[in-house]
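# Examining the three-dimensional arrangement
Chain by chain, the residues run as shown.
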Amino acid sequence: MNIQTQYSAIYTGLIIALIICAISSFRSDKSIGKPLGLFLVILSVPLLSNILIMDSHNETLAIIGYYAYYISMTLSMIYLVNFSNQYCKGIGKGAVNKHKNDVYYIYTLALIDIIQLLLGPFFHHVFTTEMTIVDDEIYYKSVMLGGLLAHRIVGYIIYMLVFAIFTLATLKTTRYYREKYSIVLFALILSGLTQTFFIISRTPVDRAVLVHALLGILIYYLSIKYRPLKLLDTILSNVVSGMDDSIYVFDQEGKCIWANEQGYALLELPQGKHEKVRDALIEKFGDTITNRGELWNTDVFIPNIKTYYHLEKKSVKSKELIDGSYLIIQDTTDQRSAIKRELYNSTHDRLTGLYNEEYLYTHIRNIMRTSSRSYYALWINIKNFKLVNDVFGKRFGDHTLKELAEWIKTKMKDIDGVYGRLVGDTFCVLLPVEDFDAEMFHREMSNFVVRQGNISYHVCIHAGVYKIYERNLEPSIMFDRAHMALSGVKDNYKSCIRYYDDNMKNSILKEQGLVNALPDALKSMQIRPYLQPITDASGNVIGAESLARWMHPKHGFLHPNSFIPLFEHNGMVVDIDRHIWRHTCEILKSWKGKHDDLFISVNISPRDFYFTDVVKELLQLTKEYDIEPVKLRVEITETVVESDTKDRLRIINELKAAGFIVEMDDFGSGYSSLNMLKNIPVDLIKIDMNFLAGENTERSEIILKNVINLSKDLNIVTLTEGVETEEQFNKLVDMGCSLFQGFYFSKPLSAEDFEAYLTNVKK
């Protein structure tokens, strides 16, 4: 194989290597990738040109090869400058940028050089060729003329600029990065010397281009693949040294060769005494660290200093042989304490320290599964606890809860049971039946006094008790039943303990059934308005009160007391009131032209003021059914204005302004005061006949007579409800009462029966 073939093969291999490197550069996500890729692609052209020069035995092809070689070398130098600017960007506070203007001049100079090379075939000023024999083969070498001299001067100028860029980068960069710049700088020197030697020696085969190609491959490696290992070693060493953990590095024989500062401090050794590390570790941790293999971790507790440590050892291998190992020791005391605190907080109530609901229920399930004893479930709470917070403040309220929790802890100290706080003032206890001292519980709960500073308050505590027969019941159901038992002591301050029975359960289930049935009951008109007549002193019917009645398909006719309080409590009374309002308006519309002189009063509960715009809804109904507001009277109770007084008075005034007659229901049944008559602008007050009940009838009659007279002076009409006898009626007429309502006249009637009643009265 002759020299030309050998070099052609070498050039071809280098071209392939450059193209592969170029493709890798283009695919790299580094910003330097594209400039480097372009440089490598252009750098492969001089190699290709030399193959053409060497393998061509034709002078014309050799000339073409030389021109391609010289032009591509200039282009390579231009792309090398561009790459160098990107590669050394930002080094030494802009050291490369000092040559920024020089770069533009170089680009201009290179462009002029390329133009004059392109004009060479026409003016023949660049070079001539001279035939020679190399290894018995014809070879045409170039003979320099003025154009080629100019080209080489331009090339050296560009080369010196690149050399200056990398020299500055090498001098200005940090010592960890100096390696990669100095390597390129060395390769540049070698490339420049080789090129100079080739020009001076006039050897026919261009060996300098080989060095240029190798320079390109070297630059690719340093730009794309190179990692500054010294920097990595330094950074990793600093990171390890700065860690809170103690770290020890051992050689393949198990001798310590390095430890960080924390490692020496843990073993109470001076810095650098790594030869004593192994013995100190064994002394501190015993046999824990010996004969455990290549990879292990364990936890160690040292009692005398009450400290937990986590030890982890790993080995470094090459070719299945151990090169060394390292041991990491971490102080986990705080971490374990934090986990314990977190676990405690997740299972205990933060205020009282008792079990929380979830953890309490878990314990109860375990007890029911493993114990054969009989148990009580107790639901304990404080009556009117909100009042405690409102009067004495949340701080005293929290103190009260803590005191109750401590009392429960004390009573349960020697009892095989569990207890916890569910929410608010609710505490739940599970204890064996034989350990429940009802007399003691009753006595101490009845005399429970909480003191804090100058505050002393007698707290009323109630307990509902459920005896557990069904051991598979969920704890929540057990305590729900205990809670049901409390329904019997809500208003009984003397009885603070109540036992659950099935009657309570049935009552609760019935109430729940009513709640579930309400939507269908309204839709199917099971709930409808009944009208109770209102008469004047002459016995003439002048109107009626609309009252809700429920014709239940299962329970039959339901008295309002059996469902209205329930829906008052859960807020669903609003739906019933809206239903009654609408169908009362339907009745008034049906009366038009027949009973135009009659009115109907509808009730407005306190809940309606919270959940509806009362004025807007009633006005919409009167417009929808084309009735006058004065025909649809509205009844309120004095409790309506107990809260949000200013807002409620505004609504009452708006009702009056819209034309509605406003009535005050049940005056005298509670704690009505003259202040109420002064502040609430009602048109009528309804007096309950119960006002006259009791032993002091004479005293009650005097008060009632004066209330009636006072109402007259205030232009307020009086209506007495609950009138059941003629004697009562006559007495009230003598007192001056204007209107009357009660069973003496009629019970509440359906709309059809009410019309029949009107007909009979008129007869």
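Above this text you will find the structure in question.
Described below are features of the structure shown in this document. Keep in mind that what you see is a predicted model, and the values were worked out from it rather than measured.

### Notes on a nonpolar patch on the surface
Taken together, the side chains of Ile19, Ile23, Phe26, Leu38 and Val41 present a nonpolar region at the surface, about 360 Å² in accessible area. Only α1 (3-27) and α2 (33-55) provide two or more residues apiece to the nonpolar patch. The greatest single-element share of the nonpolar patch, amounting to three residues, is contributed by α1. As for its position among the elements, Phe26 is in helix α1.

### Some points on unusual backbone geometry
Residue Lys306 is not a glycine yet carries a positive backbone phi of 50°. Despite not being glycine, Asn384 shows a phi value in the positive range, around 55°. Positionally, Asn384 belongs in the loop between β8 (375-382) and α14 (385-392). For Asn384, a relative accessible area of 42% corresponds to the partly exposed category.

### Comments concerning the sheet that holds strand β14 (residues 497-499)
Reading across from one edge, β9-β10-β8-β13-β14 is the order of the five strands in this open sheet, with mixed pairing throughout. Edge positions in the open sheet fall to β9 (418-423) and β14, since each of these has one partner strand only. For this sheet the average axis-to-axis angle between neighbouring strands, irrespective of direction, equals 20°. In this structure, strand β13 (residues 461-467) lies alongside β14, joined through three bridges in parallel fashion. Bridge pairing links Ala463 to Ile497 in β14.

### Quick notes on helix α15 (residues 394-411)
With 18 residues, α15 should cover 26 Å at 1.5 Å per step; its first-to-last C-alpha distance of 26 Å lies within 8% of that length. The complete set of buried residues in α15 reads Phe396, Gly397, Asp398, His399, Thr400, Leu401, Leu404, Ala405, Trp407 and Ile408.

### A short note on empty space enclosed by the protein
Tallied over the entire structure, the rule returns one cavity of 30 Å³ or more. The volume enclosed by the largest cavity comes to roughly 60 Å³. Taken together, Phe250, Gly254, Arg278, Leu281, Ile289, Trp296, Lys313 and Leu327 make up the full set of residues lining the largest cavity. Split into classes, the residues belonging to the lining of the largest cavity amount to five nonpolar, one polar and two charged.

### Some remarks on the pattern of salt bridges
Enumeration according to the criterion identifies 25 salt bridges in this entry. With a shortest N-O distance of 3.7 Å, Lys141 and Glu130 are connected by a salt bridge. One end of the pair, Lys141, is in strand β2 (residues 137-144); the other, Glu130, is in strand β1 (residues 127-134), and eleven residues separate them in sequence. You can call Lys141 buried: its relative accessible area is 14%. Residue classification places Glu130 among the partly exposed residues on the basis of a relative accessible area of 38%. Between Glu312 and Lys314 there is a salt bridge, with the nearest N and O atoms lying 3.6 Å from each other.

### Side note on the nonpolar core
With 63 residues, the main nonpolar core has Tyr11 and Phe166 as its most contacted residues. At the level of secondary structure, the elements contributing two or more residues to this core comprise α1, α2, α3 (59-87), α4 (100-118), β1, α6 (146-172), α7 (178-201) and α8 (208-225). When residues of this core are assigned to their parent elements, the largest contribution, twelve residues, is made by α3. Leave out the neighbours within four places in its chain, and Tyr11 touches Leu47, Asn50, Ile51, Met54, Val205, Asp206, Val209 and Leu210. Residues Leu588, Leu598, Val641 and Ile680 belong to the second largest nonpolar core, which totals 53 residues.

### Quick look at α1
Over its 25 residues, α1 runs 36 Å from end to end, which matches the ideal 36 Å to within 8%, given 1.5 Å per residue. Taken residue by residue, α1 has Ile3, Gln4, Tyr7, Ser8, Tyr11, Leu14, Ile15, Leu18, Cys21, Ala22 and Ser25 as its buried positions. As for α1, its buried residues are in contact with α2, β1, β2 and α8.

### Some words on the packing of α3 against α6
Where α3 contacts α6, the axes come no closer than 10 Å and their chain directions differ by 15°. The orientation of α3 with respect to α6, classified from their angle, is roughly parallel. In the crossing of α3 with α6, the sense of the turn from one axis to the other is left-handed. Where α3 approaches α6, its residues Tyr70, Thr74, Met77, Leu80, Val81, Phe83, Ser84, Asn85 and Tyr87 are matched on the opposing element by Leu148, His151, Arg152, Gly155, Ile158, Tyr159, Leu161, Val162, Ile165 and Phe166. When its residues are assigned to classes, the contact of α3 with α6 shows 13 nonpolar, five polar and one charged.

### Section: the pairing of strand β20 (residues 662-667)
For β20, the tally of buried residues reaches five of six residues, placing the bulk of the element in the interior. The pairing of strand β19 (residues 632-637) with β20 spans four bridges and is classified as parallel. Within the sheet, the bridge partner assigned to Val634 lies in β20 and is Val662. Where β20 meets strand β21 (residues 684-688), three bridges bridge the pair, whose relative direction is parallel. Within β21, the position partnered with Met664 by the bridge is Ile685.

### Examining the packing of helix α20 (residues 573-591) against helix α22 (residues 614-624)
Running from N to C, α20 and α22 point in directions that differ by 25°, and their axes come no closer than 9 Å. In terms of orientation, α20 lies roughly parallel with respect to α22. Judged by the sense of rotation from one axis to the other, the crossing of α20 with α22 is right-handed. Of the residues in α22, those touching α20 at Arg578, Trp581, Arg582 and Cys585 are Glu617, Leu618, Leu621 and Glu624. Residue composition of the contact of α20 with α22, grouped by class: four nonpolar, no polar and four charged.

The rules behind each value
Residues numbered from 1 in each chain as written. Predicted model: local features only at pLDDT ≥ 70, side-chain atom pairs only at ≥ 80, totals over all residues. Heavy atoms only, no water. Patch = residues over 30% accessible without salt bridge, like charges linked within 9 Å, V, L, I, M, F, W, Y side chains within 5 Å. Areas by Shrake-Rupley, 256 points an atom, 1.4 Å probe, with all protein chains shown as cover. Salt bridge = Lys/Arg side-chain N within 4 Å of Asp/Glu carboxyl O. Helix = DSSP H or I, 4+ residues; strand = E, 2+ residues; numbered from the N terminus. Buried < 20%, exposed > 50% of the residue type's maximum accessible area, 1.4 Å probe, protein only. Pairing = 2+ DSSP bridges. Axes fitted to C-alpha atoms, helices over the stretch in contact; angles between N-to-C directions. Expected span 1.5 Å × (residues − 1). 1 Å grid on protein atoms, 1.4 Å probe; cavity = no way out; pocket = protein on both sides within 12 Å on 5 of 7 lines; lining within 4 Å. Points joined across faces, edges and corners; volume = space filled by probe spheres on them. Nonpolar A, V, L, I, M, F, W, Y, C, P; charged D, E, K, R; others polar. Core = buried A, V, L, I, M, F, W, Y, C linked by side-chain atoms within 4.5 Å. Contact = heavy atoms within 4.5 Å. Parallel < 35°, antiparallel > 145°, perpendicular 65-115°, else oblique. Left-handed = near helix turned anticlockwise from the far one by under 90°.

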